[in-house]
Amino acid sequence: MKLLSIIKYLILAVSVVLAVGVMVSAEGTAMQGMFLDAVLYWSYGLLGATVLGVIVFPLINLVKNPKGAMRSLFGLALLVAVLLIGFALSSAEPVVTAANHVFDNVIELRLSDVGLYTAYIVFAASIITIVVTEIVKVIRMR
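Residues numbered from 1 in each chain as written. Predicted model: local features only at pLDDT ≥ 70, side-chain atom pairs only at ≥ 80, totals over all residues. Heavy atoms only, no water.

S.K.: Looking at this structure, I do not really get the packing of helix α1 (residues 2-24) against helix α2 (residues 30-64). What am I missing?
M.R.: Packed helix pairs are specified by the crossing angle of their axes together with the interaxial distance, meaning the distance between the axes. Interaxial distance between α1 and α2 falls to 8 Å at its minimum, and their mutual angle equals 150°. Judged by the inter-axis angle, α1 sits roughly antiparallel to α2. Relative to α2, α1 is oriented so that their crossing is left-handed. Judged by residue contacts, Ile 11, Val 14, Ser 15, Val 17, Leu 18, Gly 21 and Val 22 of α1 engage Gln 32, Phe 35, Leu 36, Ala 38, Val 39, Trp 42 and Leu 46 from α2. Class assignment for the residues of the contact of α1 with α2 results in 11 nonpolar, three polar and no charged. (Axes fitted to C-alpha atoms, helices over the stretch in contact; angles between N-to-C directions. Helix = DSSP H or I, 4+ residues; strand = E, 2+ residues; numbered from the N terminus. Parallel < 35°, antiparallel > 145°, perpendicular 65-115°, else oblique. Left-handed = near helix turned anticlockwise from the far one by under 90°. Contact = heavy atoms within 4.5 Å. Nonpolar A, V, L, I, M, F, W, Y, C, P; charged D, E, K, R; others polar.)

S.K.: Just checking my understanding: could you explain the packing of aromatic side chains for this structure?
M.R.: How two aromatic rings sit relative to each other is given by the distance of their centres and the angle of their planes. Taken as a whole and assessed by the stated rule, the structure comprises two aromatic pairs. Judged by centre distance (6.4 Å) and plane angle (70°), the rings of Tyr 41 and Tyr 44 are edge-to-face. Within this pair, Tyr 41 and its partner Tyr 44 are both found in helix α2, separated by three residues, close to a single helical turn. By relative accessible area, which is 52% here, Tyr 44 ends up exposed. A ring pair is formed by Tyr 117 and Tyr 120, whose centres lie 6.1 Å apart and whose planes are at 80°; its orientation type is edge-to-face. On the criterion of helical spacing, the pair formed by Tyr 117 and Tyr 120 is a turn pair, its members being three residues apart in helix α4 (residues 106-141). Its relative accessible area of 31% is what places Tyr 117 among the partly exposed residues. It is Lys 8 that lies over the ring of Tyr 9; its NZ or CZ is 5.2 Å from the centre. In this structure, Arg 110 is placed above the aromatic ring of Phe 87, and the distance from its NZ or CZ to the ring centre is 4.9 Å. (Phe/Tyr/Trp six-rings, centres within 6.5 Å; stacked < 30°, edge-to-face > 60°. Buried < 20%, exposed > 50% of the residue type's maximum accessible area, 1.4 Å probe, protein only. Lys NZ or Arg CZ within 6 Å of the ring centre and 35° of its normal.)

S.K.: Looking at this model, I keep getting lost on the pattern of salt bridges. Mind explaining?
M.R.: Side-chain pairs of opposite charge can arise whenever the charged atoms involved come near each other. In total, this model carries one salt bridge according to the counting rule given. The partner of Lys 137 in a salt bridge is Glu 134, with the nearest N and O atoms 3.8 Å apart. Here Glu 134 and Lys 137 lie together in helix α4, a separation of three residues that amounts to about one turn. (Salt bridge = Lys/Arg side-chain N within 4 Å of Asp/Glu carboxyl O.)

Written out as structure tokens, the structure is:
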């Protein structure tokens, strides 16, 4: 567990240094561009590590505990269902910006809509879960 704490604080320290570097560097300078590039690559690395962890650790758990596979598969099925609902709600209708520029890239329009709708669904589910959990706690206390 100590190793995980060290890794967590190391990731936090690198993120803070990069964020401060972007904020402190003068706008439009090469230094700011360097920090922005570093922040983007750092974000890509963190995203990749997260995706890898989300895929690898459940597989390891599946091998260690085959009976728990149904719970993992249920979570995966729920995630796929939310993404499919987000895709069904998404639109590829072109968007006109404030500068009267028409944005009509179908893939980007769909992906942004799917991401937004998925975030809305997950946020609403979180709020509902919190409220229901608290109500159940109050009912059980009586």
